[in-house]
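Chain by chain, the residues:
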Amino acid sequence: MNFDRVKEKLSILADAAKYDVSCSSSGSKRKNKGKGLGDSSGMGICHSYTTDGRCISLLKILLTNVCIYDCAYCVTRRSNDIKRAAFTVQEVVDLTINFYRRNYIEGLFLSSGIFKDADTTMERLVTVAKKLRVEENFNGYIHLKSIPGASDELMKEAGLYADRLSINLELPTTEGLKLLAPEKDRQQMLQPMATVKNEIALYQDERKKFKHLPSYVPAGQSTQMIIGATPETDLQLIQTADFFYKSYSMKRVYYSAYIPVAQDARLPSLQSQVPLLRENRLYQADWLMRFYGFKADEILEGKRPFLELDMDPKLAWALRNLDFFPLNLQTADLEAILRIPGVGLKSAWKIIEGRKFGKLSISHLQKMGVAVNRAKHFIDFGTSTFLNKNVLHQQNIKSIILSQSVSKFQAHYSPQLNLF
């Protein structure tokens, strides 16, 4: 192996992979048996944190940054004058194993530009995963990016060796894709997703009959959307995510704030600010749909197609629905308690358990981890100490809550806030 050349490739292809954010590993339970390498059981990868506080990482690279497509938003697009490189299958295998043995990584996130056609590229990715599993007995986490247009046979084989598969939706609407990536076909992106979904369902059904079956994509599949490159509203983004959760059983939908990489009339200017705050709000809205029982049309509606930047979507919903509050914690059900701003999943369950032993006070809530500075405005404590909808209207409650909050995104808030 030419180490200098491999080092140069690693520098180029690791840098090119940084724009892909969909690399969570939650849900994988691949255990190490015998004398194999690695163990992804109970672990998160890609600089995530385990339950005991450990930060673990993965080797995140492209197989190649050569690509036959010319997508306006992509740094590896065909027309971009950048240095190109490509790993061989064995080089990726050797890097993964050697980095693992040195305790640099605990898994692999492998994507690629499309360098001939979809099947040729996907076949190389599958071969890497197969060699790691079969020849190297590697049991660490493997996340493969599926290639749009890859055959069903390759997708089925990929699921036997990868812990997670993902295919980037890239842009949330067909119109956006036609504008910035006219060479790509939305249907080619959806077909691999449908194949993986059907295979997972088939595996789960077969698992009921046969206990010892090889695992198939144990961490499920995910996708990613670029936000800010095209003029879609937050409502369109949330509705698109909701559709994929329901129709394709996605584990995660990731939102990637567009980073200006090219001067193009179809794109925001190179001086445009990266919409990090908008990305953060979309993740919060996504969390509400996945874990808090909110529906997409509750978070946003046609008259309000964008999320508030100065407050999280849960607080925004509460202020729009003051008639739902204040809630009595002693009688409210879990679904209602989860809608109180400042109350998280764990603290909601603590409230359900704690109220069995007596009436809950503000000090109890503080010990349970509730953000009381927000929650107190929406809870009926049976006293006149706390603010409620009969005393202050929506805007006053909002200004009081925000005046007591500190956010790392505060500099991005609208100057209009200075009026309150």
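First, a word on scope: everything that follows refers to the structure included in this document. (Residues numbered from 1 in each chain as written. Predicted model: local features only at pLDDT ≥ 70, side-chain atom pairs only at ≥ 80, totals over all residues. Heavy atoms only, no water.)

Moving on to the sheet that holds strand S7 (residues 221–227). The six strands are arranged S3-S4-S5-S6-S7-S8 in an open sheet whose pairing can be described as parallel. With partners counted over all chains shown, the strands left at the sheet margins are strand S3 (59–62) and strand S8 (252–257), one partner each. The sheet shows a mean angle of 20 degrees between the axes of neighbouring strands, direction not considered. Relative to S8, S7 is paired through six bridges, and the arrangement is parallel. What sits directly across from Ile226, in S8, is Ser256. Each of S3 and strand S4 (107–111) is contacted by helix H2 (residues 89–101), which is oriented at about 165 degrees to S3, the strand it contacts most. (Pairing = 2+ DSSP bridges. Helix = DSSP H or I, 4+ residues; strand = E, 2+ residues; numbered from the N terminus. Axes fitted to C-alpha atoms, helices over the stretch in contact; angles between N-to-C directions. Contact = heavy atoms within 4.5 Å.)

What follows covers empty space enclosed by the protein. Scanning the model with the defined rule gives one cavity of 30 Å³ or more in all. What the largest cavity holds in volume is close to 30 Å³. The wall of the largest cavity is formed by Tyr69, Ile114, Pro148, Lys184, Asp185, Gln188 and Met189. (1 Å grid on protein atoms, 1.4 Å probe; cavity = no way out; pocket = protein on both sides within 12 Å on 5 of 7 lines; lining within 4 Å. Points joined across faces, edges and corners; volume = space filled by probe spheres on them.)

So, on to the environment of Gly149. Among the structural elements, Gly149 can be located in the loop between strand S5 (141–145) and helix H4 (152–161). Gly149 sits 27 residues away from Met122 along the chain, and the two C-alpha atoms are 9.4 Å apart. Here Gly149 is in contact with Ala118, Asp119, Gln188 and Pro192, once residues within four sequence places are set aside.

All right, on to the environment of Val217 then. With respect to the secondary-structure elements, Val217 resides in the loop between helix H6 (186–207) and S7. Look at Val217 and you get buried, because its relative accessible area is 2%. Not counting residues within four places of it along the chain, the set of residues in contact with Val217 comprises Gly159, Ala162, Asp163, Arg164, Leu165, Val196 and Ile200. (Buried < 20%, exposed > 50% of the residue type's maximum accessible area, 1.4 Å probe, protein only.)

Glancing now at the nonpolar core. Tyr73, Ile340 and Phe378 are the most contacted members of the largest nonpolar core, which has 118 residues in total. Discounting residues that sit within four places of it in the chain, Tyr73 has contacts with Glu170, Leu171, Leu177, Leu180, Ala181, Lys184, Ile226, Tyr258, Val261 and Leu267. (Core = buried A, V, L, I, M, F, W, Y, C linked by side-chain atoms within 4.5 Å.)

This part takes up the pattern of salt bridges. Evaluated as defined, the whole model comprises 20 salt bridges. Lys18 serves as the salt-bridge partner of Asp15, at 3.1 Å between the closest nitrogen and oxygen. Look at Asp15 and you get partly exposed, because its relative accessible area is 42%. One salt bridge connects Asp312 with Arg374, and the closest N-O pair in it is separated by 2.5 Å. One end of the pair, Asp312, is in the loop between helix H9 (296–299) and helix H10 (313–320); the other, Arg374, is in helix H14 (residues 372–375), and 62 residues separate them in sequence. Given the relative accessible area of 16%, Asp312 is considered buried. For Arg374, a relative accessible area of 17% puts it in the buried group. Where salt bridges share partners, they join Arg5, Glu8 and Lys83 into one cluster. (Salt bridge = Lys/Arg side-chain N within 4 Å of Asp/Glu carboxyl O.)

This part takes up the pairing of S7. Along S7, seven of the seven residues are buried, which leaves the element largely enclosed by surrounding structure. Residue alternation in S7 divides its side chains into two sets, Gln221, Thr223, Met225 and Ile227 and Ser222, Gln224 and Ile226, and both sets are buried. For strand S6 (residues 164–166) and S7, the ladder comprises two bridges, and the chain directions are parallel. If you follow Ser166 over to S7, its bridge partner there is Ser222.

Moving on: the side chain of Thr230. Residue position: Thr230 is located in the loop between S7 and helix H7 (234–248). Residue classification places Thr230 among the buried residues on the basis of a relative accessible area of 6%. Every residue in contact with Thr230, bar those within four places of it in the chain, is listed here: Leu171, Gly176, Leu179 and Leu180.

Each pair of packed helices can be summarised by the angle the axes make with each other and by the distance between the axes. Running from amino to carboxyl end, helix H1 (residues 3–16) crosses H2 at an angle of 85 degrees, the nearest separation of the two axes being 12 Å. As far as their axial angle goes, H2 and H1 are roughly perpendicular. Here Val6, Lys9 and Leu10 of H1 come into contact with H2, specifically with Glu91, Leu95 and Phe99. For the contact of H1 with H2, the per-class residue count stands at four nonpolar, no polar and two charged. (Parallel < 35°, antiparallel > 145°, perpendicular 65-115°, else oblique. Nonpolar A, V, L, I, M, F, W, Y, C, P; charged D, E, K, R; others polar.)

A few words now on the pairing of S4. Put simply, side chains in a regular strand alternate between the two faces of the sheet. Here S4 lies mainly inside the structure; five of its five residues are buried. Covered by surrounding structure in S4 are Gly107, Phe109 and Ser111 together with Leu108 and Leu110, the residues of both alternating faces. Alignment of S3 against S4, held across four bridges, turns out to be parallel. Residue pairing for S4: Lys60 is matched across the bridge by Phe109. Traced from S3 through H2 to S4, the parallel crossover comes out right-handed. Note that S4 and S5 share four bridges and pair parallel. Across the sheet, residue Leu108 finds its bridge partner in S5, namely Ile142. (Right-handed = clockwise from strand over helix to strand, strands pointing away.)

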